[in-house]
Amino acid sequence: GHRAASSIGPQLRSKHKHRRALWAATTQGQPKKAAPRGTNQHNKEGHHPKMPLIVKPTPAHPEPPAHKIMPAFATRFGPKLAGEVAATDRLVRVNALTALCDALSDPEQAHGCADAGVVETLNAHVSGGQDAPTRVLAAKALCGCARDARAARAMVDAATPAAIQGACLNDAEQDVRMHCYDALIRLGGGPRRGASSIVAAGYPKALVEKAEKESVGLQPRALDLLTSCLGNEQGLAEALDAGGIATCLSLLGSMEAAVRAAAGRCLAGLCFDMSAKDAAVEADAVDTLCALLEDPDLGARRAACAALVSVTTTDEGKRRMVPAEPRPRDAVAAIIALLAEPDAYLTTTACKLVANVAVHPKVRAQLREDKECLPAIDALIAGPGTDQDALVAQHARIAKDAVLWEP
């Protein structure tokens, strides 16, 4: 057995040697092939071939940068965004405020943010923010909160009117003041708690003093915010004591139509008080308002007519409709022209004004003798039949009865 095994070994070695010689003969003269990329075989020079680049695998969900605001879902949305709004990093804070302004248009998201306490953070940013973008965006977000009932309640609970009063009236950035005015106007136009919180923060007196000093572009907002305070008894009294009548009469002469219209609306609101009617009449408000009945701006004509309705409920107001000296433009003719306006609100108010001033015998005679007055009233009585036209027709009948009344 041993002899047989030893004889086989040399035969195998010679066989492999023969194969290696045959392979060398067949490959002689052929170019050498490069070693496969990525192998660890040595070449003739003893160097390793070039190794491939190793790329680390990327995770399926990479972590976003801190300044990129990623939305959360369900109940996590409000707390997450509220936390980012309060961030100390300026870029994160500004981006979060921008996202909040967009989110507040969705009632569900607005509720979540309000419940997470975002209103208190916004109050702090508006009143004490170091950078202008933060203050502007925070004020804009408060305006969005005022549109939502639950967020508006949170504003009242967080005493937002008092917290942002300094910024609303005195911030160096006009956009901050603009958004603050808009937020408080919306808040004051909602439930009574909103207007009460604005009055309690001392706005009526401050707005009367601020209205004439405010930039022209923001004067209408300041006046509209003052008007929203007048439905509150305390607010009306404070505005009158601060000289609201004189301020409104002064701004009725503004070059800007929006300012004239806002001043007229505010004056009409002030004149719900009987003492304010007398004060307005003594300050020659009737002449000023009669001139505005022909204002080219519809809003100014509306406001002037509404204010005249308030003023002419007093006997002295009716007497002032017939001036001692003729006016440059006849006020009665201007009132008759309003009856033909296509605006339903204006024609309704004009009918109320006709019913008021027709009590004066001279005015009543002038209305009756005018060729356009009664036909215009009859046209309003015979309206197309819509609900709005029915209201106009009702006031037109009252006006006609007043014009045709005989002692």
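In this text the structure is predicted, and so the values were computed from the model without any measurement.

Caption draft 1: Expanded view of the overall build of the chain. When you go through the chain residue by residue, the secondary structure sums to 25 helices and zero strands. Within the chain, the fraction of its 407 residues that count as buried is 44%. Within the chain, contacts between residues separated by at least 24 positions form 66% of all contacts whose residues are at least 6 apart in sequence. For the chain, the computed accessible surface area is about 22,500 Å², with 56% contributed by carbon and sulfur atoms.

Caption draft 2: Molecular detail of the nonpolar core. Within the largest apolar cluster, 118 residues are counted, with the highest numbers of intra-cluster contacts made by L100, L122, Y203, L267, L289, L339 and L367. Top contributing element to this core by residue count: helix α6 (residues 132-147), with nine residues. Residues in contact with L122, not counting those within four places in the same chain, are V85, L97, L100, A138, A141, L142 and C145.

Caption draft 3: Region of the structure containing the packing of helix α10 (residues 174-188) against helix α13 (residues 219-228). With their axes 9 Å apart at the nearest point, α10 and α13 run at an angle of 25° to one another. In terms of orientation, α10 lies roughly parallel with respect to α13. Of the two possible hands of crossing, α10 and α13 adopt the one that is left-handed. Contacts between α10 and α13 involve M178, Y181, D182, L184, I185 and G188 on the former and, on the latter, R221, A222, D224, L225 and S228. Of the residues that constitute the contact of α10 with α13, the class distribution is six nonpolar, two polar and three charged.

Caption draft 4: Focus on helix α11 (residues 192-200). The complete set of buried residues in α11 reads G194, A195, S197, I198 and V199. In the stretch just after α11, G202 is the one whose phi turns positive, near 85°.

Caption draft 5: Structural context of the environment of R301. Assignment of secondary structure puts R301 in helix α19 (residues 298-311). Considered as a pair, R301 and G264 are 37 residues apart in the sequence and their alpha carbons are 8.8 Å apart.

Caption draft 6: Focus on the environment of G243. Looking at the element boundaries, G243 is found in the loop between α14 (233-241) and α15 (244-251). Separated by 34 residues in the primary sequence, G243 and E209 place their C-alpha atoms 8.5 Å from one another.

Caption draft 7: Representation of the packing of helix α3 (residues 90-103) against α6 in the model. For the pair α3 and α6, the least separation of the axes is 9 Å and the interaxial angle reads 20°. With respect to their mutual orientation, α3 and α6 come out roughly parallel. As for the relative orientation of α3 and α6, their crossing is left-handed in sense. Every residue of α6 that contacts α3 at R90, R93, V94, L97, T98, L100 and C101 is listed here: P133, T134, L137, A138, K140 and A141.

Caption draft 8: Focus on α19. In a regular helix each residue adds 1.5 Å, so 14 residues correspond to 20 Å; α19 covers 20 Å between its end C-alpha atoms and thus fits that length. Most of α19 sits out of view: eleven of its 14 residues are buried. In this fold, the buried residues of α19 make contact with α16 (257-270), α17 (274-282), α18 (285-292), α20 (315-319), α21 (331-338) and α22 (344-357). Of the residues that open α19, the one with a side-chain oxygen 3.1 Å from the backbone nitrogen of G299 is D297.

Caption draft 9: Fine view of the side chain of K318. Among the secondary structure elements, K318 is positioned in helix α20. Lacking a salt bridge, the buried K318 has D315 as its closest oppositely charged neighbour, with an N-O distance of 4.7 Å. Aside from chain neighbours lying at most four places away, what touches K318 is T312, T313, N356, V359 and H360.

Caption draft 10: Up close: the environment of N123. Turning to its location among the elements, N123 is positioned in helix α5 (residues 118-128). According to the relative accessible area criterion, N123 is buried, its value standing at 6%. Sequence spacing of N123 and M155 is 32 residues, and the spatial spacing of their C-alpha atoms is 8.9 Å. Those residues in contact with N123, other than ones at most four positions away along the chain, are L142, A158, T160, A163 and I164.

Caption draft 11: Representation of the side chain of T160 within the structure. Relative to the helices and strands, T160 is located in helix α8 (residues 160-163). Residues within four places of T160 in sequence aside, it is in contact with V119, N123, L142 and M155.

Reading the values: the criteria
- Residues numbered from 1 in each chain as written.
- Predicted model: local features only at pLDDT ≥ 70, side-chain atom pairs only at ≥ 80, totals over all residues.
- Heavy atoms only, no water.
- Helix = DSSP H or I, 4+ residues; strand = E, 2+ residues; numbered from the N terminus.
- Buried < 20%, exposed > 50% of the residue type's maximum accessible area, 1.4 Å probe, protein only.
- Contact = heavy atoms within 4.5 Å.
- Areas by Shrake-Rupley, 256 points an atom, 1.4 Å probe, with all protein chains shown as cover.
- Core = buried A, V, L, I, M, F, W, Y, C linked by side-chain atoms within 4.5 Å.
- Axes fitted to C-alpha atoms, helices over the stretch in contact; angles between N-to-C directions.
- Parallel < 35°, antiparallel > 145°, perpendicular 65-115°, else oblique.
- Left-handed = near helix turned anticlockwise from the far one by under 90°.
- Nonpolar A, V, L, I, M, F, W, Y, C, P; charged D, E, K, R; others polar.
- Expected span 1.5 Å × (residues − 1).
- Polar contact = N/O pair within 3.5 Å; in protein donor to acceptor, adjacent residues only side chain to side chain.
- Lys, Arg positive; Asp, Glu negative; His and termini not counted.
- Salt bridge = Lys/Arg side-chain N within 4 Å of Asp/Glu carboxyl O.

Any link to function would need more than the numbers given here.
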